[in-house]
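A closer look at the structure
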Amino acid sequence: ELKGHTDSVWSVAFSPDGKQVVSGSEGKSVHIWDAFTGDLVKELKGHTDSVLSVAFSPDGKQVVSGSSDESVHIWDALTGDLVKELKGHTDSVLSVAFSPDGKQVVSGSHDKSVHIWDALTGDLVKELKGHTDSVWSVAFSPDGKQVVSGSHDKSVRIWDALTGDLIKELKGHTDSVCSVAFSPDGKQVVSGSHKKSVHIWDALTGGLVKELKGHTDSVWSVAFSPGGKQVVSGSHDKSVRIWDALTGDLVKELKGHTSSVWSVAFSLDGKQVVSGSGDKSVHIWDALTGDLVKELKGHTDSVLSVAFSPDGKQVVSGSNDKSVHIWDALTGDLVNELEGHTDSVLSVAFSSDGKQVVSGSNDKSVCIWDALTGDLVNELEGHTDSVWSVAFSPDGKQVVSGSHDKSVHIWDTMTGDLTKELKKQSLEGSSDQPLVSKTIETL
């Protein structure tokens, strides 16, 4: 249990090799943890307000953090030293990311600007101005030559990362753009808006390929297929839609759910889609034909999280009914019902080899399961509030969990041991009220 933060943890990430974890907190600090020993390697102090976004460089040697104190910090992940304090924003920094080669950092701010920084010198390379409201999301293209930004001003902008020039202003959304991402080949951009729409843009021309309209209520989940040729979306309107990312055409509207679709995901080969719904069911769809392959029934309450195994042969689902189900994706049969949680299961994930499943619950526990037998390997107890998010390290040897109790825990997946409880002082004086139960009640 990695305790040391004295307020809400806003952002966590593994290093590329899985050996370290970085976390950013409302308590103004950035922590780097040894993921094997659980030791706090360094408490990185320097920010004077909440740390909203953190990320490792691609080589794992540096950490970047963005804060409400209007600054971006680059830290040496080995020594914990502050390499550079990047000043230039005039309001909270909402999003930060390294370029694929680690030589630059991009930041988006409430001050309406996007900044590109030299990660080696700390110099501001370019201030990208044009947005007329807060920039919520920024990302580099896979080749590092472009930056995309999404804003509260309803626009998406593509910038030349080398010159800082605005390539295109992509207009079409009628409300805030909450999320932006490049396709795997960098040729397209997908953006999601508060107003029910998904847009796919040509990253080369800046043209709107298609406005993916059809959903009649909020879009809760979107994802590119592994090859970047399709997009899947799940909505409060009860439908799953598969879109052609090249033409923007609606390939299929997948109807069958009778309540909100909370989670969607492609299989690793892109041939199938899985969806979890408030109607208590899990659906597996053929991504090529749009046909419903199987309706997986067994949960007795909303399905909040779904994921394919790496080989696409199984599906795991977590539900408000307190259970985790493992399904055979080929036959649709329930392989195992994993019972042990005493409250809603909020997050599920497979290990990289597909042999284990981890689940996080409103009951404050993290459970590791054997995906082959369905046996509970270990129940990891230590959190004092709901566990919102769980993930395996890349090598599958450890699990990280984030909780409403403001802490990050790292667990040994072989033994189930909590590596370390890092707590410098008790978390006292918190006025936070539990939010999970209220959230689940609305699902």
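Structure shown above.
Residues numbered from 1 in each chain as written. Predicted model: local features only at pLDDT ≥ 70, side-chain atom pairs only at ≥ 80, totals over all residues. Heavy atoms only, no water.

**Some remarks on the sheet that holds strand β11 (residues 114–118)**
Note the following rule: Strand pairing is defined by DSSP finding a minimum of two bridges between the two strands. Working definition: helices are DSSP H or I runs of at least four residues, strands are E runs of at least two. Numbering for both runs from the N terminus. Axes here mean lines fitted to C-alpha atoms, for a helix over just the part in contact, with angles spanning 0 to 180 degrees between N-to-C directions.
Strand order in the open sheet formed by four strands is β9-β10-β11-β12, with antiparallel pairing between adjacent strands. Edge strands, defined here as strands with exactly one partner in the open sheet, are β9 (93–98) and β12 (124–128). Pairs of neighbouring strands in the sheet enclose a mean axial angle of 15°, with direction left out of account. Pairing between strand β10 (residues 104–109) and β11: five bridges, direction antiparallel. Note that in β11 the partner of Ser107 across the bridge is His115.

**A look at the pairing of strand β35 (residues 366–370)**
Let me state the cut-off plainly: For every residue, the accessible area (1.4 Å probe, protein chains only) is compared with the maximum for its type, and the residue is labelled buried under 20%, exposed over 50%, or partly exposed between those bounds.
Most of β35 is tucked away, with four of its five residues classed as buried. Bridge analysis of strand β34 (residues 356–361) against β35 gives five bridges, and the strand direction is antiparallel. Within the sheet, the bridge partner assigned to Gln356 lies in β35 and is Asp370. Between β34 and β35, which follow one another and run antiparallel, lie four residues, and Lys364 among them has a positive phi close to 85°. Linking β35 to strand β36 (residues 376–380), which pair antiparallel, is a turn of five residues; within it Gly374 sits at a positive phi near 85°.

**Side note on the pattern of salt bridges**
To be explicit about the condition: Any Lys or Arg side-chain nitrogen located within 4 Å of an Asp or Glu carboxyl oxygen qualifies as a salt bridge.
Tallying each qualifying case throughout the model produces seven salt bridges. Ionic pairing is found between Glu127 and Lys129, a salt bridge with its closest N-O pair at 3.8 Å. For Glu253, the salt bridge identified is with Lys255, shortest N-O distance 3.8 Å. Using a relative accessible area of 31% as the deciding quantity, one classes Glu253 as partly exposed. Exposure remark for Lys255: the relative accessible area of 62% places this residue in the exposed category. One continuous salt-bridge network, built from bridges that share partners, spans Arg157, Glu169 and Lys171.

**Description of the nonpolar core**
Filter applied, for reference: Residues enter a nonpolar core if they are buried and are Ala, Val, Leu, Ile, Met, Phe, Trp, Tyr or Cys, with the set joined through side-chain atoms within 4.5 Å. What makes two residues a contact is simply this: any of their non-hydrogen atoms within 4.5 Å.
Counting 12 residues, the largest nonpolar core is built from Ala307, Val316, Val324, Ile326, Leu338, Val345, Val348, Phe350, Val357, Cys367, Trp369 and Ala371. Put simply, the parts of the chain that give this core at least two residues each are β31 (324–328), β33 (345–350) and β35. Broken down by element, the residue count for this core peaks at three residues, all from β33. Setting aside anything within four residues of it in sequence, one finds Val324 in contact with Val316, Ser317, Asn336, Glu337, Leu338, His341, Val345, Val348, Val357, Ser359 and Trp369.

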